[in-house]
Structure formats: structure tokens, C-alpha cells
Amino acid sequence: IVEKLQSIQEPKLLYPTHAALHKGFDVLFSALAKLRERGVTITLITTFSAGDWPEGVSRYKQQIKKLGLESNVVFLGRIPQDQMGSLYQNVDAMVYPSLCESFGFSMIEAMGNGLPIVAADTAVNKEICGKGALYYSSLNPDDAATAVQSVLDVNIQKGLIKETEYRFQEFDWGWQRYAREFVSMIEDVV
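Numbering of residues starts from 1 in every chain and runs along the sequence as written. Only residues with pLDDT of at least 70 are given local features in this predicted model, and only at 80 or more are side-chain atom pairs given and counted; all residues enter the totals for whole chains, interfaces and linings. Water and hydrogen atoms were dropped before computing side-chain values, which therefore reflect all heavy atoms in the structure.

K.L.:
In this structure, what is going on with the sheet that holds strand E5 (residues 117-120)? I would like to understand it.
P.N.:
Strand pairing in a sheet relies on backbone hydrogen bonds, with the paired strands running either antiparallel or parallel. At least two DSSP bridges between two strands are needed for those strands to be called paired. Working definition: helices are DSSP H or I runs of at least four residues, strands are E runs of at least two. Numbering for both runs from the N terminus. Sheet architecture is open: 6 strands sit in the order E3-E2-E1-E4-E5-E6, paired in parallel fashion. Unpaired on one side and paired on the other, strand E3 (73-75) and strand E6 (133-136) mark the two borders of the sheet. Taken pair by pair, the neighbouring strands of this sheet meet at an average axis angle of 25°, ignoring direction. Bridge count between strand E1 (residues 12-15) and strand E2 (residues 43-46): 4 bridges; the pairing is parallel. The residue bridging Leu14 from the neighbouring strand is Ile45, located in E2. Throughout, a residue-residue contact means that at least one pair of heavy atoms, one from each residue, lies within 4.5 Å. The axes are straight lines fitted to the C-alpha atoms, using for helices just the contacting stretch, and the angles between their N-to-C directions are given from 0 to 180°. Contacting E1, E2, E3, strand E4 (93-96) and E6, helix H2 (residues 25-37) runs over the sheet at an angle of about 155° to E2.

See below:
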């Protein structure tokens, strides 16, 4: 995997996820096409398998072909968890266009690996990343393209990385905090 990623010359954007309708791929692919129109070439690396959702993956591949992005999207398939660290370390940024999640674990992993993040402007993404991400209007490919283009700026990257490091270190991501907050919420209801 590392050799494959290192052979890609343009900036690499990672979206570690599985294929599903709510994952925001339609907007992301359109944003990549808009970036290309602006003269910005990016390679999107994603980790879903065609077996996740065969009909949807087929539709995504048709969209990619229609947009002329075949050489800009790499489907790695499922990556074992113990290899994810090397994947995060060999990309330039992570994108998280998902429209609905209970918790975005890959955002935590990206923060832990010091990656700048571009994410859809959803409550869960903001709760997890705080100031450690650039956000875009969830259904707006132009806005997504602008955010992705912005994250390529070295100064913006440095600021985001500083925020992600702070957020990752200072926030209590443990189950004990979750349990305390859950018990408190139940007590408030009772």
C-alpha cells in the first residue's frame, strides 16, 4: 500500500470508510471534478470494497467515469486496522463527507496521526473535530472543493494540524467520559 501511495505525485486525500448512500460520495466526486476545472488535481484514496454495496459502488464508478476522474480515485478495498497507521501517514489530508454518523472513528484516527481534516458541516463532525477541521456545506460540491483546495495551503495545514493535536490530546475520548455523560443525561431526564 505504501509503495502505491508514494508513487502518486499529486496531493492525496483519504476517505477511510465503507460504501453507503449516506457517506457523501456523490458530493465528494463532484467536488473533485470542480477542483480539476480549477486546475487542481487531487487523488482520492478510499477503503471501501465493492462487496459493501455492489449497486451503489457500480453507480459511483459510473459517476467517476462520467466526470473523467478514473485516474483520480483509488479504491484500496478493506484495509486491516493494523495497517491503517501507514495509510494515514502517507496521505496529505483526510476528507469526511459523511452526512450521518453515530461516531466518526476515522476522524479521531486522523487527528491522532496529525492529519488536516476537511469535513461536511454536520453536528457530529463538529463535535469530534472542533476547530481541527475545515467544514463545508454538506450538499454543496463548490463549497467542498473550496475547503479541499484550502487544506492544501501549507499555512492552513499547519493551523489545522495544531488544532487537531490539541483536540486529540485535550479531549477525553474514553469510555469513562461517555459513561459519566450518559449517567448524567439519564439523571437529568429522571
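K.L.:
Mind showing me how you'd approach the packing of aromatic side chains here?
P.N.:
A ring pair, where both rings are aromatic, is described by two values, the distance of the centres and the angle of the planes. Note on aromatic pairs: the rings of Phe, Tyr and Trp (six-membered ring only in Trp) are paired at centre separations within 6.5 Å, and the planes decide the class, stacked below 30 degrees, edge-to-face beyond 60, tilted for the rest. The final tally for this structure, using the stated rule, is 10 aromatic pairs. Ring geometry for Tyr15 and Tyr96: centres 5.8 Å apart, planes at 80°, overall edge-to-face. On the criterion of sequence distance, the pair formed by Tyr15 in strand E1 and Tyr96 in strand E4 is long-range, its members being 81 residues apart. Of the two residues, Tyr15 and Tyr96, both sit in the buried class. Between buried and exposed lies partly exposed: a residue is buried under 20% and exposed over 50% of the maximum accessible area for its type, with that area taken using a 1.4 Å probe on protein chains only.

K.L.:
Would you mind going over the side chain of Asn125 with me for this structure?
P.N.:
Positionally, Asn125 belongs in helix H6 (residues 123-129). Once residues lying within four places of it in the same chain are set aside, the contact partners of Asn125 are Tyr96, Ser98, Met107, Ala119, Ala120, Gly130 and Tyr135.

K.L.:
I'm lost on the packing of H2 against helix H7 (residues 141-151) in this one. Help?
P.N.:
Each pair of packed helices can be summarised by the angle the axes make with each other and by the distance between the axes. Packing of H2 against H7 brings their axes to within 8 Å, and their N-to-C directions diverge by 65°. As H2 packs across H7, the resulting crossing turns out to be right-handed. Seen from H2, the contacting residues are Val27, Ser30, Ala31, Lys34 and Leu35; seen from H7, they are Pro141, Asp142, Ala144, Ala145, Val148 and Gln149. By the convention adopted, Pro, Cys, Tyr, Trp, Phe, Met, Ile, Leu, Val and Ala count as nonpolar, Lys, Arg, Asp and Glu as charged, and the other residues, Gly among them, as polar. Here the residues of the contact of H2 with H7 sort into 7 nonpolar, 2 polar and 2 charged. Whether a crossing is left-handed or right-handed is set by the direction in which the near helix is turned from the far one by less than a right angle, anticlockwise for left-handed and clockwise for right-handed.

K.L.:
How should I be thinking about the environment of Asp142 in this particular structure?
P.N.:
Tracing the backbone through its elements, the reader meets Asp142 in helix H7. Since its relative accessible area comes to 39%, Asp142 is described here as partly exposed. Between the C-alpha atom of Asp142 and that of Cys129, which follows or precedes it by 13 residues, the distance is 22 Å. For Asp142, the residues in contact, after removing those within four places along its chain, are Lys34 and Arg38.

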